Amino acid sequence: MELLEVAKRAAAAGAAVISENVDKPRSIEYKGTIDLVTNTDKASEEAVLKVITDAFPNHAILGEEGGVFGDTSSDYLWVVDPLDGTTNFAHSYPCFAVSVGVLRGGVPVAGVVVEFAGGRGSWVQRTYSATRGGGAHLGGTRISASACSDLQRALLVTGFGYEHDEAWAANLELFKHFTDVTQGVRRLGAAAVDLCHVALGIVDGYWEYRLKPWDLAAGVLIAEEAGALVTTMDGEPFSVFSRSVLAANEGVHGAIVARTRAATTALAAEGMDFSPWFVPQ
Ligand code: IPD
Ligand code: CA
Ligand code: CA
Ligand code: CA
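Bear in mind that the values here come from a model prediction, so they are computed numbers and not experimental data.

**Focus on the environment of glycine 161**
Along the chain, glycine 161 falls in the loop between strand 11 (155-158) and helix 4 (166-181). Here glycine 161 falls in the partly exposed class, since 18 other C-beta atoms lie within 10 Å of it. Sequence separation between glycine 161 and glycine 184 is 23 residues; the distance between their C-alpha atoms is 20 Å.

Below is the structure:
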């Protein structure tokens, strides 16, 4: 319980920083050609980390902007995305979030995502949370994945990373395919929010290649606790260090994986690295 309370306070601290800055001019730096980071990403991470280190000085933390902190021999690893959906945030486009996940022995045990919806001058925060075995919640209300079992009636969501590599190109093909065989495919731009939308049952499935643990740690637990199946895109058991994710309700997961597995197998045969991003000791 205490882990979840601290995760909620940490995510709220990050969200408060975002809220203060959301309608102000941004200062932007580039990590790559289109991969951007703002002053708010960094300030949010600082605020999140302070809450965690004050509460659990002996735990380890992995933050997107600052890397690894604390005692890496700890069984607990906090995995923080201080601002997921930075591109949206930089454009004041709704759909960004703070994501705080807690792993014990490499397995997510608690997670909180604070989503920003709405728009300029009227932002709304929505807090999703989960503990392992304790279900998933939006605010105080229990949530569950959708019941749709007909792919043709399903609404899906995916994402495209900053690196325009072979996986990115393969995903454009998947986008085309699923746009053809479902009710539609959305591309929102914040992985943590995509996973929470699967948990909420407003989309039926989500897949994406080459995400990082901070994109996934909280959202996959929230999706799983809401009853979604979470695997890699080739249908294998998922860890937050996996290089692909497929989260979908039980009714459509099989139909999606049939196609994403074939795409992933082809990429692996061409030499794309799908080994875990990091293996916890
Ligand atoms: C990105 C978002 C996006 C996903 C990218 C991520 P960031 O995270 O989650 O939806 O497609 O792969 O890197 O950089 O906005 O925290
Ligand atoms: Ca980023
Ligand atoms: Ca992210
Ligand atoms: Ca981020």
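**Brief notes about the domain arrangement of the protein**
The assigned domain composition of the protein is domain 1 (2-143) and domain 2 (151-269). Centre-to-centre, using C-alpha coordinates, domain 1 lies 21 Å away from domain 2. Counting only elements with at least two residues in the side of domain 1 that touches domain 2, the list comes to strand 5 (76-84), helix 3 (86-90), strand 6 (96-104), strand 7 (107-119), strand 8 (122-131) and strand 9 (136-138). A per-element tally of the side of domain 1 that touches domain 2 places strand 6 first, with six residues. Each residue belonging to the side of domain 1 that touches domain 2 can be placed in one class, and the counts come to 17 nonpolar, 10 polar and six charged.

**Regarding the site of ligand 1**
In the neighbourhood of ligand 1, 14 residues make up the surrounding shell, with Asp84, Thr86, Gly159, Gly161 and Ala191 lying closest. For the shell around ligand 1, the elements supplying multiple residues, two or more each, are strand 5 and helix 3. Here the shell around ligand 1 spans two domains, and each of domain 1 (2-143) and domain 2 (151-269) adds at least three residues to it.

About the thresholds
Residues numbered from 1 in each chain as written. Chains lettered and ligands numbered in written order. Predicted model: local features only at pLDDT ≥ 70, side-chain atom pairs only at ≥ 80, totals over all residues. Helix = DSSP H or I, 4+ residues; strand = E, 2+ residues; numbered from the N terminus. Buried ≥ 20, exposed ≤ 12 C-beta atoms within 10 Å, placed from the backbone. Domains from an automatic or database assignment. Nonpolar A, V, L, I, M, F, W, Y, C, P; charged D, E, K, R; others polar. Near = placed C-beta within 6 Å.

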